[in-house]
Amino acid sequence: MHIGGQPLLSRATITSSRLLTAFAFGIILTKFYEVEPETIAVFGAEFKTANLSAPIMWVIFFMSIGHLINWYGDYATFRVWNSAEVFPPGNNEWNTSTMLSNIESILKSIRRLTGTEEENEQLAELRQEVEKLRKEVKYLNNLEKFVLYGWYLVVPLGLAFIAFYTLSADIK
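Note that the coordinates shown come from a computational prediction; the quantities given were computed from them, not determined experimentally. (Residues numbered from 1 in each chain as written. Predicted model: local features only at pLDDT ≥ 70, side-chain atom pairs only at ≥ 80, totals over all residues. Heavy atoms only, no water.)

Participant: Honestly, the overall build of the protein chain in this entry has me stumped. Any pointers?
Facilitator: Secondary structure summary: the protein chain contains four helices and four strands in total. Moving toward the C terminus, one meets the helices and strands of the protein chain in the order β-β-α-β-β-α-α-α. Going through the 172 residues of the protein chain one by one, you find that 28% of them count as buried. Intrachain contacts of the protein chain at a sequence separation of at least 6 include 70% that bridge at least 24 residues. Of the roughly 11600 Å² that the protein chain leaves accessible, carbon and sulfur atoms contribute 62%. (Helix = DSSP H or I, 4+ residues; strand = E, 2+ residues; numbered from the N terminus. Buried < 20%, exposed > 50% of the residue type's maximum accessible area, 1.4 Å probe, protein only. Contact = heavy atoms within 4.5 Å. Areas by Shrake-Rupley, 256 points an atom, 1.4 Å probe, with all protein chains shown as cover.)

Pasting the structure below:
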């Protein structure tokens, strides 16, 4: 997803999210459907799968830390370039907070204007269009937040936590 020509998330964050999500979800499904074998052969050596739970938990832990580092870097960048302080109104840079404040000031100006009956009809149509634009920008702002906080933070870390918890049952 791009906002104002800037990617919302870096390639590193997207990649770490996909890896963590796939790895954790695979473990959850394996445990839920009990499809794991009793033993597994690695380089000719036989291991009980229950004995591999602790090392897998370490892998999940470090994958989660790596993802959090990537995500926080993107979050910090997003906060900076999506703030009205960095790009005050009148600047050509686009961000949702500046756009929303500009739309609000346009609506206030339209409400103050009065004129002939024909001009009032045109102002009413303009007001409807600007209000529609405000709703669309608010929707985009909510979508940005869902992608940033929900899909790339809560989902991967939530699945990692669930996988970590299911693996902890194997440790004695």
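From this point on, the discussion continues.
Participant: Please clarify how the nonpolar core should be interpreted in this entry.
Facilitator: Nonpolar side chains in soluble globular proteins generally cluster together in the buried interior. The biggest cluster of nonpolar side chains holds 10 residues, and these are Leu20, Ala24, Ile27, Ile28, Met57, Ile60, Leu159, Ala160, Ala163 and Leu167. Beyond its immediate chain neighbours, meaning those up to four positions away, isoleucine 27 contacts Ile56, Ile60, Ala163, Thr166 and Leu167. Among the nonpolar cores identified, the runner-up in size contains nine residues, and Leu8, Trp71, Tyr152 and Leu153 belong to it. (Core = buried A, V, L, I, M, F, W, Y, C linked by side-chain atoms within 4.5 Å.)

Participant: How do you make sense of the environment of glutamate 144 when you look at a structure like this?
Facilitator: Here glutamate 144 shows up in helix α4 (residues 117-168). Overall, the relative accessible area of 0% leaves glutamate 144 in the buried class.

Participant: How should I be thinking about the environment of phenylalanine 62 in this particular structure?
Facilitator: Mapping phenylalanine 62 onto the fold places it in helix α2 (residues 53-81). Taking the C-alpha atoms as reference points, phenylalanine 62 and leucine 20, separated by 42 residues in sequence, lie 9.9 Å from one another.

Participant: Looking at this structure, how should I read a negative patch on the surface?
Facilitator: Among the surface-exposed residues, Glu117, Glu118, Glu119, Glu121, Glu125 and Glu129 lie close enough to one another that they form a single negatively charged patch. Along the chain, glutamate 121 falls in helix α4. A relative accessible area of 48% places glutamate 121 in the partly exposed class. (Patch = residues over 30% accessible without salt bridge, like charges linked within 9 Å, V, L, I, M, F, W, Y side chains within 5 Å. Salt bridge = Lys/Arg side-chain N within 4 Å of Asp/Glu carboxyl O. Lys, Arg positive; Asp, Glu negative; His and termini not counted. Charge placed at Lys NZ, Arg CZ, Asp CG, Glu CD.)

Participant: What's the story with the packing of aromatic side chains in this structure? I'm lost.
Facilitator: How two aromatic rings sit relative to each other is given by the distance of their centres and the angle of their planes. As enumerated under the stated definition, the model contains eight aromatic pairs in all. Relative to tyrosine 75, the ring of tyrosine 72 lies with its centre 5.9 Å away and its plane at 45°, an arrangement referred to as tilted. Of this pair, tyrosine 72 and tyrosine 75 both sit in helix α2, separated by three residues, roughly a single helical turn. Feature note: the residues Trp71, Tyr72, Tyr75 and Tyr149 constitute an aromatic cluster, connected by ring pairs. (Phe/Tyr/Trp six-rings, centres within 6.5 Å; stacked < 30°, edge-to-face > 60°.)

Participant: Sorry, what's going on with a nonpolar patch on the surface here?
Facilitator: Taken together, the side chains of Trp58, Phe61, Phe62, Ile65, Leu68, Ile69 and Phe164 make up a nonpolar region of the molecular surface, amounting to roughly 710 Å² of accessible area. Within the secondary structure, phenylalanine 61 sits in helix α2.

Participant: Mind showing me how you'd approach the pairing of strand β3 (residues 39-42) here?
Facilitator: Each regular strand carries side chains that alternate between the two faces of the sheet. Sheet topology note: the β3/strand β4 (residues 45-48) ladder contains four bridges and is antiparallel. Each residue of the ladder has a partner; that of isoleucine 40, found in β4, is phenylalanine 47. Taken together, β3 and the strand that follows it, β4, pair antiparallel across an intervening segment of two residues, in which phenylalanine 43 is found at a positive phi of about 55°. (Pairing = 2+ DSSP bridges.)

Participant: Mind showing me how you'd approach the environment of methionine 63 here?
Facilitator: With respect to the helices, strands and loops of the structure, methionine 63 is situated in helix α2. Residues methionine 63 and phenylalanine 23, 40 residues apart in the sequence, show an inter-C-alpha distance of 9.5 Å. Beyond its immediate sequence surroundings of up to four residues, methionine 63 is in contact with Leu19, Leu20 and Phe23.

Participant: What's the story with the pattern of salt bridges in this structure? I'm lost.
Facilitator: Pairs may arise between side chains of opposite charge once their charged atoms sit close together. Under the defined criterion, the tally for this structure stands at one salt bridge. With a shortest N-O distance of 2.1 Å, aspartate 170 and lysine 31 are connected by a salt bridge. Of the two residues, aspartate 170 is situated in the segment after α4 and lysine 31 in helix α1 (residues 11-32); the sequence distance between them amounts to 139 residues. Exposure remark for aspartate 170: the relative accessible area of 22% places this residue in the partly exposed category.

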